[in-house]
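Residues per chain, in single letters:
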Amino acid sequence: LVKEDVAESLYEFAGKRSIGVILVTHDLYDAVAFSQRVVVLGGSPVTKVVGEVQSSNRTALETVRSLLRNSDVR
């Protein structure tokens with residue numbers, strides 16, 4: 001798929017230059033699949049970090065869902 005190709009190219013570019021990448025998405029699957037760490041932001045307006053998850057954790061997707069369910073993120 002196109003998004004996987006774009007992500008791979010972006011992370012390869014960043015890796016060669018030793019720079020970080022911040023991916024902003026509403027897609028939980030993409031957040032976990034493309035990232036080393038997921039930071040869930042919340043509040044209205046967004047004013048706080050609700051939680052943080054290492055994507056290498058096999059339960060990362062469910063942990064992110066739980067953070068969203070148990071916060072005031074809308």
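Refer to the structure printed above.
Keep in mind that what you see is a predicted model, and the values were worked out from it rather than measured.

A.B. asks: Help me out: how do you make sense of the pairing of strand S1 (residues 37-42) in this one?
C.D. replies: Walk down a regular strand and you will see the side chains alternate between the two sheet faces. Only one face of S1 is covered, namely the one carrying Val 38, Val 40 and Gly 42; the face carrying Arg 37, Val 39 and Leu 41 has none of its residues buried. As paired elements, S1 and strand S2 (residues 48-54) share six bridges and run antiparallel to each other. When the sheet's bridge partners are listed, Val 39 is paired in S2 with Glu 52. The loop that links S1 with its antiparallel partner S2 comprises five residues; one of these, Gly 43, has a positive phi angle of about 95°.

A.B. asks: Mind showing me how you'd approach a nonpolar patch on the surface here?
C.D. replies: A cluster of nonpolar residues, Val 39, Leu 41, Val 46 and Val 49, forms a patch on the protein surface that exposes about 350 Å² of accessible area. With respect to the helices and strands, the residue Val 46 is situated in the loop between S1 and S2. Judged by relative accessible area, Val 46 falls into the exposed class, the value being 56%.

About the criteria used
- Residue numbering note: each chain is counted from 1, following its sequence as written.
- Totals for whole chains, interfaces and linings use every residue, but because this is a predicted model, local features are given only for residues with pLDDT of at least 70 and side-chain atom pairs only at 80 or more, for both listing and counting.
- The side-chain values count all of the structure's non-hydrogen atoms but skip hydrogen atoms and water molecules.
- Remark: exposure states derive from per-residue accessible area (1.4 Å probe, protein chains only) relative to the maximum for the residue type, with buried under 20%, exposed over 50%, and partly exposed in between.
- Elements are defined by DSSP. Helices are runs of H or I of four residues or more, strands are runs of E of two residues or more, and each kind is numbered from the N terminus.
- Here, a strand pair is defined by DSSP locating no fewer than two bridges between the strands.
- Residues enter patches when their relative accessible area tops 30% and they take part in no salt bridge; the joining distance is 9 Å for like charges and 5 Å for the nonpolar side chains Val, Leu, Ile, Met, Phe, Trp and Tyr.
- All accessible-area figures derive from a Shrake-Rupley calculation using a 1.4 Å probe, and residue coverage is judged against the displayed protein chains alone.
- Whenever Lys or Arg places a side-chain nitrogen within 4 Å of a carboxyl oxygen from Asp or Glu, that contact is recorded as a salt bridge.

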